[in-house]
Amino acid sequence: MRTERWLDVARGAGLLSPSGAVAQTIFAEMSELAARTGAVNLGQGFPDVDGPEHLKDAAVAAIRAGHNQYPPGAGIPQLREAVAAHQGRHYGLTVDPGTEVLVTAGATEAIAATILALAGPGDEVLTIEPYYDSYAASIAMAGATHRTIALRPGPDGFHLDPDDARAAFTDRTRLVLVNTPHNPTGTVLTTAELTLLAELAAARDAVIVTDEVYEHLTYDGVRHVPLATLPAAAGRTLTISSAGKSLSFTGWKVGWVHGPAELVTAVRTVKQFLTYVASGPFQYAVAGALSDEDGRTGEYVTGLRTSLQERRDLLVESLDAAGFVTVRPAGTYFVVADAAPLGFDDAVDLCRRLPELAGVVGIPVSAFCAAGSATAQGLRSWVRFTYVKRESVLHRAAEGLARLRG
């Protein structure tokens, strides 16, 4: 039966347990562990302080103004225009807000709708590994085959091996899903790495999909380069981003996708049967925020980036002092650290013990990999921690982590 086939697919992707129950993610398990033990939760990556008050006020004003019914299917015109203007202002991209922008329920819906619209049985979808967990789930729901390109750790951070990238592409490659700045490693892919991926995609006539939700959260002068700006990617790239990370309102779930009109239309065709529409009054607040980069909102994002860099340094120094080997991230909310020097070769086991050992919760990096893959094995002792928490919380975590070396 078709139902049984899809249940098998869901089990294979880790969406269901062998018994058929919805599988609990490691993220939920670790958050529950933190709540139960009182440990500092450095596992789940959401801010513990809201974004700016003036944007809250804008959302309230939109509610009071009556923007509480279904917004237009593609998103309110003001937000689509603001997204197009943002891409032109920051990256020199010319985007038609009428036909080339679609507002979604966060970036996660944009990713799911894109994969469901453009890939299916017989197609292959390439992602970088480690990868955000929704990628594998969406690929499984589409019935496509998931292939990966490993990010490999080195003395200067995580990077793609060109030979790995070339070997991953086949005649069945339909989509190439690229996340930069990258969760979980904090890597910001270089122009050379992105150009290679774009050229390989063009050679196979594959569509490029980019997840750029951390586009404004890069550090130490590192610059985010959107794939859509590269010649080989022109005309074949769907760019996905959202307001949640840059504005610290992750619960608003306002995302967007832009690209060639025919691809955006395909994504919208699927999206309308997922959420239909979402986040009505919040769309007005985000539209105002994207148009206010020379004002209070721009000041907030600049200050957030500076603050996150400082908090990153605090956590990296704490992990190094505890005996981990860390890779200093160039962007995002996260740092990954190798626990092998401390004598822990299994990060899953370590993360379950960390509340007792250090009063801290993290996420094993293997949770972002295909089960049993070479990348998962190579990163078996690595843990992801988030630093998007108040400094007082990070200091408390540092005190706990120091106990590991003792």
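Cut-offs and rules
Residues numbered from 1 in each chain as written. Predicted model: local features only at pLDDT ≥ 70, side-chain atom pairs only at ≥ 80, totals over all residues. Heavy atoms only, no water. Buried < 20%, exposed > 50% of the residue type's maximum accessible area, 1.4 Å probe, protein only. Helix = DSSP H or I, 4+ residues; strand = E, 2+ residues; numbered from the N terminus. Pairing = 2+ DSSP bridges. Polar contact = N/O pair within 3.5 Å; in protein donor to acceptor, adjacent residues only side chain to side chain. Contact = heavy atoms within 4.5 Å. Phe/Tyr/Trp six-rings, centres within 6.5 Å; stacked < 30°, edge-to-face > 60°. Lys NZ or Arg CZ within 6 Å of the ring centre and 35° of its normal.

Draft legend 1. Up close: the pairing of strand 11 (residues 334–338). Strand 11 sits mainly inside the fold: 5 of its 5 residues count as buried. Where burial is concerned, the two faces of strand 11 agree: the one with Phe334, Val336 and Asp338 and the one with Val335 and Ala337 are both buried. Here strand 11 pairs with strand 14 (residues 382–386) via 5 bridges, running antiparallel. Directly across from Asp338, in strand 14, lies its bridge partner Trp382.

Draft legend 2. A look at the side chain of Thr332. As for its position among the elements, Thr332 is in the loop between strand 10 (325–327) and strand 11. With a relative accessible area of 0%, Thr332 lands in the buried category. There is a polar contact of 3.1 Å between the side chain of Thr332 and the backbone nitrogen of Phe334. Setting aside residues up to four positions removed in sequence, Thr332 forms contacts with Pro181, His182, Asn183, Gly186, Tyr214, Leu217, Tyr219 and Tyr387.

Draft legend 3. How the structure looks around the packing of aromatic side chains. Tallied over the entire structure, the rule returns 11 aromatic pairs. Note on Tyr214 and Tyr333: the rings are 5.3 Å apart at their centroids and 75° apart in plane angle, and the pair reads as edge-to-face. Here Tyr214, found in the loop between strand 7 (207–211) and strand 8 (237–242), pairs with Tyr333, found in the loop between strand 10 and strand 11; they are 119 residues apart in sequence, far enough to count as distant. Consider the rings of Phe249 and Trp252, whose centres lie 4.1 Å apart with planes at 5°: the pair is stacked. Here Trp252 falls in the buried class, since its relative accessible area comes to 12%. Through successive ring pairs, a cluster of aromatic residues spans Tyr214, Tyr333 and Phe334. Here the basic side chain of Lys389 rests over the ring of Phe46, its NZ or CZ set 4.0 Å away from the ring centre.

Worth remembering: the numbers are spatial, not functional.
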